[in-house]
Amino acid sequence: MSLRVCLAGVTGWTGREVAAAVRDSHEFELVAAVARRAAGKDVGEVLGWEERAGVEITADPPSALCRAPDVWIDYTHPLAVKDHALTALKAGTRVVIGTSGLGASDYEEIEAAATAHGAGVIAAGNFSLTAACLKHLAGIASRHLPHREIVDYAHAGKPDAPSGTAMELAEYLDTVAPNRIHVPVDEIVGVPGTRGAGIGGTQVHSVRLPGYVISVEVLFGLPGEHLTIRHDAGESAEPYVAGTLLAARRVGDVTGLVRGLDRLLFG
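Please read all numbers here as calculations on a predicted model, not as lab measurements. (Residues numbered from 1 in each chain as written. Predicted model: local features only at pLDDT ≥ 70, side-chain atom pairs only at ≥ 80, totals over all residues. Heavy atoms only, no water.)

Participant: Could you give an account of the overall build of the chain, naming the residues involved and the relevant values?
Facilitator: Along the chain, the regular secondary structure elements total 9 helices and 12 strands. Since a compact globule built from 267 residues should have a radius of gyration of about 18 Å, the 19 Å found for the chain is in line with a globular shape. Its C-alpha atoms give the chain principal-axis dimensions of about 60 × 40 × 30 Å. Within the span of the chain, comprising 267 residues, buried residues form 50% of the whole. Counting every atom, the chain has about 12,700 Å² of accessible surface; 52% of that belongs to carbon and sulfur. (Helix = DSSP H or I, 4+ residues; strand = E, 2+ residues; numbered from the N terminus. Rg over C-alpha atoms; globule rule 2.2 N^0.38 Å. Buried < 20%, exposed > 50% of the residue type's maximum accessible area, 1.4 Å probe, protein only. Areas by Shrake-Rupley, 256 points an atom, 1.4 Å probe, with all protein chains shown as cover.)

Participant: How would you sum up the sheet that holds strand β3 (residues 57-58)? Please name residues and give values.
Facilitator: Pairing in this open sheet of 7 strands is parallel, and the strands run β3-β2-β1-β4-β5-β6-β12 from one edge to the other. With one partner strand each, in any of the chains shown, β3 and β12 (256-259) form the two edges of the open sheet. With 4 bridges connecting them, strand β1 (residues 3-8) and strand β4 (residues 71-74) associate as parallel partners. Paired with C6 across the strands is W72, a residue of β4. (Pairing = 2+ DSSP bridges.)

Participant: Can you explain the side chain of H205? Please cite residues and give values.
Facilitator: Locating H205 in the fold gives a position in strand β9 (residues 202-208). The class for H205 is buried, based on a relative accessible area of 19%. Excluding residues within four positions of it along the chain, H205 makes contact with E149, I150, V151, D152, T194, R195 and G196. (Contact = heavy atoms within 4.5 Å.)

Participant: How would you explain the packing of helix α1 (residues 15-24) against helix α8 (residues 241-250) if you had to name every residue and give the values?
Facilitator: It is the contact of α1 with α8, at a shortest axis distance of 10 Å, that shows an interaxial angle of 60°. Judged by the angle between their axes, α1 and α8 are oblique. The handedness of the crossing between α1 and α8 is right-handed. Residue-level inspection shows E17, V18, A21 and V22 of α1 in contact with α8, the latter providing V241, T244 and L245. (Axes fitted to C-alpha atoms, helices over the stretch in contact; angles between N-to-C directions. Parallel < 35°, antiparallel > 145°, perpendicular 65-115°, else oblique. Left-handed = near helix turned anticlockwise from the far one by under 90°.)

Participant: Explain empty space enclosed by the protein to me, using residue names and the numbers behind them.
Facilitator: One pass over the full model with this rule turns up 2 cavities of 30 Å³ or more. There is about 80 Å³ of room inside the largest cavity. In terms of lining residues, the largest cavity is bounded by G125, N126, A131, A132, L134, K135, T165, E168, L169, L261 and D262. Put simply, the parts of the chain that give the lining of the largest cavity at least two residues each are α6 (129-142), α7 (164-176) and α9 (261-266). A per-element tally of the lining of the largest cavity places α6 first, with 4 residues. (1 Å grid on protein atoms, 1.4 Å probe; cavity = no way out; pocket = protein on both sides within 12 Å on 5 of 7 lines; lining within 4 Å. Points joined across faces, edges and corners; volume = space filled by probe spheres on them.)

Participant: Report on the packing of aromatic side chains, specifying residues and quantitative values.
Facilitator: All chains considered together, the criterion is met by 2 aromatic pairs. With a centroid separation of 5.9 Å and an interplanar angle of 5°, the aromatic rings of Y153 and Y212 are classed as stacked. One end of the pair, Y153, is in strand β7 (residues 148-154); the other, Y212, is in the loop between β9 and β10 (215-222), and 59 residues separate them in sequence. Over the face of the ring belonging to W49 we find R23, whose NZ or CZ atom lies 4.5 Å from the ring centre. (Phe/Tyr/Trp six-rings, centres within 6.5 Å; stacked < 30°, edge-to-face > 60°. Lys NZ or Arg CZ within 6 Å of the ring centre and 35° of its normal.)

Participant: Tell me what's going on with the layout of surface pockets, and back it up with residues and numbers.
Facilitator: Computed from the structure, the largest pocket encloses a volume of approximately 1,100 Å³. Forming the boundary of the largest pocket are 39 residues, of which G12, W13, Y75, T76 and H77 lie nearest the centre. Residues that form the lining of the largest pocket fall into these classes: 16 nonpolar, 18 polar and 5 charged. Looking at the second largest pocket, its volume works out to about 230 Å³. Lining the second largest pocket are 13 residues; nearest its centre among them are E171, Y172, T175, R259 and R263. Of all elements in the fold, only α5 (104-116), α7, β12 and α9 reach the threshold of two or more residues within the lining of the second largest pocket. Along the lines of polarity and charge, the residues of the lining of the second largest pocket split into 4 nonpolar, 1 polar and 8 charged. (Nonpolar A, V, L, I, M, F, W, Y, C, P; charged D, E, K, R; others polar.)

Participant: Report on the packing of helix α4 (residues 81-90) against α5, specifying residues and quantitative values.
Facilitator: Close contact between α4 and α5 brings their axes to 9 Å; oriented N to C, the two are set at 10°. Taken together, the axes of α4 and α5 lie roughly parallel to each other. Taking contact as the criterion, the partners of K82, A85, L86 and L89 in α4 are, on α5, D106, E109, I110, A113 and A114. Residues belonging to the contact of α4 with α5 are distributed by class as follows: 6 nonpolar, no polar and 3 charged.

Structure representation (structure tokens):
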């Protein structure tokens, strides 16, 4: 039996790619969609499909939940996604979060709600399979290399900084091994902010310029040598589709929060 999906952010850069994959899959059925500016229109009409989808877009999450989806997939805005997740969990719907910009405290609240309602959430700052491999490999390296920093790159219009990928990576690495900084940031002579933001003990630097696509790199250094592990995304949202659908398949086996696609791939 197909999994019933509500896709929030269906008209967005990633949402439209996920919607097409759901449409073409025998495992999923798109039963509801959320997007503020396209409310009242058919998904297929808005996304330029050859046929209407028979699913009317709504701007109201509770109305979408009335369609009884099994899974709520969210690719909306960082300011909206937490409320969406909490609303879906209260309705007994499992949640997949692909929107970036949430921090550790947001996820603590989401995890508490998921546990209280006996439902599952799988969230990732990046659902790309190669980005998941970067996180996993960086975790291995951090056990042996005690000095690290993270740089993330994106186009000038990206509203969140750091990226969800960089945020998730920094918080994860802090759970693996402590980071050593030779000169504490508060002892910097000059402008301390140029050393980036401290997230989980790691300094993170965000570049936002025209002409850049989404990338993240973690830099490890030792005297006389250094290691860079880098992930580069292309200009389409295709890399995020497979991981999103994998999470949608697996979220039914989860109670509480699983954060990171790498957890699904590598345990």
